[in-house]
Amino acid sequence: MKEKPKLLSGGNPQIPKGDGNQPVQEYIAAMPEWKSKTGLYLDQLIEQMVPKVKKAVRWNNPFYGIEGKGWFIAFNCTSRYISVTFFRGTALNPIPPITSKVDYVRYFRIYENDNLDEQQLKKWIKQASELPGEKVF
């Protein structure tokens, strides 16, 4: 039996770096409480909007990208919410609400009882997937 991943500060699962769907699903399964169901929802929504999406876990975060273009979105857990990172967030319309130390990165937070605007989230995912991504390894 595989040992359950350790939760880091804020409840973010500690998952080894890995490429493909399996490490991403391990991360999602290890997300605490309501966050696991929401993480699965995000994963499925990204796959729906970007059928050829490439997945990986880097720095204890699921990353999503396009082969040859880089990563366009990632997410992680905190104690109170899931933080969704749009690596080229300032190029999205409308711009996601939360700023970053990096000028062009923007964040969107999902709280437990949020009524998510699925249409807006889909638009952001689609727009983000069409932009040049981040080349992080």
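Residues numbered from 1 in each chain as written. Predicted model: local features only at pLDDT ≥ 70, side-chain atom pairs only at ≥ 80, totals over all residues. Heavy atoms only, no water.

Asks: What is the right way to look at the packing of aromatic side chains in this model?
Replies: Aromatic ring pairs are described here by two measures, namely the spacing of the ring centres and the angle between the planes. Tallied over the full model, the rule gives eight aromatic pairs. Where Tyr 27 meets Phe 75, the ring centres are 6.2 Å apart and the plane angle is 75°; that geometry is what we call edge-to-face. Highlighted residues: Tyr 27 in helix α1 (residues 21-30) and Phe 75 in strand β4 (residues 70-77), separated in sequence by 48 residues. Taken individually, Tyr 27 and Phe 75 each receive the classification buried, so the pair is uniform in this respect. One aromatic cluster in this structure is built from Trp 59, Phe 63, Trp 71 and Phe 87. Its end group placed over the ring of Tyr 104, Arg 88 keeps NZ or CZ at 4.4 Å from the ring centre. (Phe/Tyr/Trp six-rings, centres within 6.5 Å; stacked < 30°, edge-to-face > 60°. Helix = DSSP H or I, 4+ residues; strand = E, 2+ residues; numbered from the N terminus. Buried < 20%, exposed > 50% of the residue type's maximum accessible area, 1.4 Å probe, protein only. Lys NZ or Arg CZ within 6 Å of the ring centre and 35° of its normal.)

Asks: What am I meant to see in the pattern of salt bridges here?
Replies: Two side chains with opposite charge may pair up if their charged atoms get near one another. Taken as a whole and assessed by the stated rule, the structure comprises seven salt bridges. Put simply, Asp 19 and Arg 58 hold a salt bridge, and the shortest N to O gap is 2.6 Å. On the criterion of sequence distance, the pair formed by Asp 19 in strand β1 (residues 18-19) and Arg 58 in strand β2 (residues 54-58) is long-range, its members being 39 residues apart. On the basis of relative accessible area, Asp 19 is assigned to the exposed category, the value being 54%. By relative accessible area, Arg 58 is classed as buried at 7%. (Salt bridge = Lys/Arg side-chain N within 4 Å of Asp/Glu carboxyl O.)

Asks: How should I be thinking about the sheet that holds β4 in this particular structure?
Replies: Note on sheets: strands pair through backbone hydrogen bonds, and any given pair is parallel or antiparallel. Spatial strand order, β1-β2-β3-β4-β5-β6: six strands in an open sheet with antiparallel pairing. Pairing within the sheet leaves two strands with one partner each, and these edge strands are β1 and β6 (106-111). The pairing of β2 with strand β3 (residues 61-66) spans five bridges and is classified as antiparallel. Looking at the pairing, Arg 58 lines up with Asn 61 of β3. Running over the sheet, helix α2 (residues 34-49) touches β2, β3, β4, β5 (81-86) and β6 and is turned about 25° from β5. (Pairing = 2+ DSSP bridges. Contact = heavy atoms within 4.5 Å. Axes fitted to C-alpha atoms, helices over the stretch in contact; angles between N-to-C directions.)

Asks: It is not clear to me how the nonpolar core should be interpreted in this structure. Could you clarify?
Replies: The nonpolar side chains of soluble globular proteins are, as a tendency, buried together. Membership of the largest hydrophobic core comes to 28 residues, with the highest contact counts inside it found for Tyr 64, Phe 72, Phe 75, Val 84, Phe 86 and Ile 125. Listed by contribution, the elements that provide at least two residues to this core are α1, α2, β4, β5, β6 and α3 (118-129). The element that contributes the greatest number of residues to this core is α2, accounting for five residues. Leaving out residues up to four positions away in the same chain, Tyr 64 has contacts with Val 24, Ile 28, Asp 43, Ile 46, Val 53, Lys 54, Lys 55, Trp 71, Phe 72, Ile 73 and Phe 75. Core analysis: the second largest hydrophobic core is formed by five residues, Ala 56, Phe 63, Trp 71 and Ala 74 among them. (Core = buried A, V, L, I, M, F, W, Y, C linked by side-chain atoms within 4.5 Å.)

Asks: Which parts of the structure should I look at to understand the packing of α1 against α2?
Replies: Helix-helix packing is described using two parameters, namely the angle between the two axes and the distance between the axes. The N-to-C vectors of α1 and α2 enclose an angle of 150°; their axes lie 8 Å apart at closest approach. By the angle between their directions, the pair α1 and α2 is classed as roughly antiparallel. Each of Asn 21, Val 24, Gln 25, Ile 28 and Ala 29 in α1 lies in contact with α2, whose residues at this interface are Ser 36, Gly 39, Leu 40, Asp 43 and Glu 47. Residue composition of the contact of α1 with α2, by class: four nonpolar, four polar and two charged. (Parallel < 35°, antiparallel > 145°, perpendicular 65-115°, else oblique. Nonpolar A, V, L, I, M, F, W, Y, C, P; charged D, E, K, R; others polar.)

Asks: Help me out: how do you make sense of the environment of Lys 52 in this one?
Replies: Tracing the sequence through the fold places Lys 52 in the loop between α2 and β2. According to the relative accessible area criterion, Lys 52 is exposed, its value standing at 76%.

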